[in-house]
Amino acid sequence: MDLQKPVLQARNGKIGIYVHYPYCYQKCDYCDFYSEGIGKDPSTNEGLLFETFRKEFLERKKNSPSISNLEVDTIFFGGGTPSKASSQNWKELLSFFRDEVKVSPRVEISLEANPEDLSAELLDDLASAGINRLNVGVQTRNEKGLAFLGRHIDTAKYNSLSELLKNSPIPRLGIDLMYGIPNLTKTDFEADLDFFLSLNLEHLSLYSLTLEKGTAYSRKVTENLLPPPNEEIQREILEFLPQKMESHGYIWYEVSNYAKPGQFSRHNLRYWMYEPYIGIGPGAHGFLDEYRYGNARNASSYLKRPNAAKQELASPKEELILSLFRLFLPFAPISFFQKYLNNQDQTAILRQIEVLKGKSLCLWDGHTFQWNEYALLMLDDLILTLATAE
């Protein structure tokens, strides 16, 4: 299937906003994002949290004058589980952003949700609030798999998900699926995948289960209470996914992400393309004026001191290479190199790209770069050779 792929180039004049809502029904064992499980009821400090989002944003804007000169073209509400929060609060926060900065009329506004929160009424409310892209963290429809992951299981909600998505007023829809869960087979994952492929959604994120330091799952594996991810199954799935997804009209644009033509997550592309973004909320990270910062991974601490973030100067060469070269779309690396790197680093990396081309690992014509599919299984090592080129 011939799918039209854009050639990505470095951009100027744009910025994104990420807002981290830290609460969810229950903390999943594998999750290393900052979040707190609070059950099914709303957070008791939601109003204060959204007020603090505004305070932090105003302080970031004050300390970074460049923000006022840039156009916001992506806004992403992540977590945690943002669908637990009131749609009205998200609507008012979006209105606040539009009052404070220049927001593109074509802005992508994404919100992450979990199946247990979704209803026809909520989707209507989110669409009315301005959300135009919804990503649902399904992980698996298999209850054995959900139990292994420490997920909250609401069978009725999972069973109604198909109908809700088919009738969603939000125009762009995506889901997350996970594979390599130890008590599930490759066939189990394919059943999940085929179910969602039948819905013809705009976006699918397909992740392998990983051991993340500090998570409950990692501790249980270390203590021999649970088995580690099934790496053999993960490798098999990783190898068959690109062609499977292409046959259903999806473009493979990042290691774990597939989208219909033109339906890429523009906000996530921003991360991989080394573009600036404002991070708001407890546990959020941001990238402004060549500095990275990270907010306190504690809601109580954040509410008291929302701008007490740790920051450090970014490392353009390492960071650009480690993110940009995760993309499987064609891109123009020289446009990025000339913007962010010195001449010596540019020359060294371009020399290494020629080496990779000589080994048939990539396509490279002096302007446009694209990985060949079989580079995937050695991608980390290949990226490292680029990042350390001298």
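Scroll up for the structure.
A brief report on the enclosed structure follows. Please read all numbers here as calculations on a predicted model, not as lab measurements. (Residues numbered from 1 in each chain as written. Predicted model: local features only at pLDDT ≥ 70, side-chain atom pairs only at ≥ 80, totals over all residues. Heavy atoms only, no water.)

### Some points on the nonpolar core
Here is step 1 of the chain: Counting residues in hydrophobic clusters, the biggest one holds 109 residues, and the most contacted among them are Phe77, Phe325 and Trp371.
Here is step 2 of the chain: Beyond its immediate stretch of four places on either side in the chain, Phe325 contacts Leu320, Phe331, Phe337, Ile353, Phe369, Trp371, Leu379, Ile383 and Leu386.
Here is step 3 of the chain: Among the nonpolar cores identified, the runner-up in size contains 11 residues, and Phe148, Met178, Tyr217 and Val221 belong to it. (Core = buried A, V, L, I, M, F, W, Y, C linked by side-chain atoms within 4.5 Å. Buried < 20%, exposed > 50% of the residue type's maximum accessible area, 1.4 Å probe, protein only. Contact = heavy atoms within 4.5 Å.)

### Some thoughts on the packing of helix α11 (residues 316-324) against helix α14 (residues 379-387)
Here is step 1 of the chain: Packing of α11 against α14 brings their axes to within 9 Å, and their N-to-C directions diverge by 150 degrees. Taken as axis vectors, α11 and α14 run roughly antiparallel relative to one another. Viewed along their axes, α11 and α14 form a crossing whose handedness is right-handed. Here Lys317, Ile321 and Leu322 of α11 lie close against α14, whose contacting residues are Ile383, Leu386 and Ala387. (Axes fitted to C-alpha atoms, helices over the stretch in contact; angles between N-to-C directions. Helix = DSSP H or I, 4+ residues; strand = E, 2+ residues; numbered from the N terminus. Parallel < 35°, antiparallel > 145°, perpendicular 65-115°, else oblique. Left-handed = near helix turned anticlockwise from the far one by under 90°.)

### Description of the pattern of salt bridges
Here is step 1 of the chain: Within this structure, the stated rule accounts for 15 salt bridges.
Here is step 2 of the chain: Close ionic contact of Arg11 with Asp73 constitutes a salt bridge, the shortest N to O distance being 3.0 Å. Of this pair, Arg11 sits in the segment before β1 (14-21) while Asp73 sits in strand β4 (residues 71-79); the two residues are 62 residues apart in sequence, bridging distant segments of the chain.
Here is step 3 of the chain: Here Arg11 ties to Glu275 by a salt bridge, and the two come within 2.9 Å at their closest N and O atoms. Taken together, the residues span a long stretch of sequence, with Arg11 in the segment before β1 and Glu275 in the loop between α9 (266-272) and β11 (277-280) at a distance of 264 residues.
Here is step 4 of the chain: The class of Arg11 is partly exposed, set by a relative accessible area of 32%.
Here is step 5 of the chain: By relative accessible area, which is 5% here, Glu275 ends up buried. (Salt bridge = Lys/Arg side-chain N within 4 Å of Asp/Glu carboxyl O.)

### Here's the deal with the state of the cysteines
Here is step 1 of the chain: Summed over the entire model, instances satisfying the criterion amount to 0 disulfides.
Here is step 2 of the chain: Here Cys28 stays unpaired: no disulfide links it, and the sulfur of Cys31, its closest cysteine neighbor, is 6.4 Å away.
Here is step 3 of the chain: Overall, Cys31 belongs to the buried group, its relative accessible area being 17%. (Disulfide = S-S within 2.5 Å.)

### Concerning the pairing of strand β12 (residues 285-288)
In summary, the side chains of a regular strand alternate between the two faces of the sheet.
Here is step 1 of the chain: Strand direction decides the pairing type here: β12 and strand β13 (residues 291-294), joined by 4 bridges, are antiparallel. Looking at β13, one finds that Leu288 is bridged to Tyr291.
Here is step 2 of the chain: Here β12 hands over to β13 after 2 residues, with Asp289 in that stretch at a positive phi of 50 degrees. (Pairing = 2+ DSSP bridges.)

### Observations regarding helix α8 (residues 231-247)
Here is step 1 of the chain: Here α8 spans 25 Å end to end across 17 residues, near enough to the 24 Å set by a 1.5 Å rise per residue.
Here is step 2 of the chain: At Leu241, α8 shows its largest kink, close to 40 degrees, and the proline Pro242 lies no more than four residues downstream.
Here is step 3 of the chain: Of the positions making up α8, those classed as buried are Ile233, Gln234, Ile237, Phe240, Leu241, Pro242, Lys244 and Met245.
Here is step 4 of the chain: Tucked into the core, α8 has its buried residues touching β7 (172-179), α6 (186-197), β8 (203-208), β9 (251-254) and β10 (257-259).
Here is step 5 of the chain: Between a side-chain oxygen at the N-terminus of α8 and the backbone nitrogen of Glu232 the separation is 3.3 Å; the capping residue is Asn230.
Here is step 6 of the chain: Within two residues after α8, Gly249 carries a phi angle of roughly 85 degrees, on the positive side. (Expected span 1.5 Å × (residues − 1). Bend = angle between axes of the 7 residues up to and from the residue. Polar contact = N/O pair within 3.5 Å; in protein donor to acceptor, adjacent residues only side chain to side chain.)

This is a description of form; function is not addressed.
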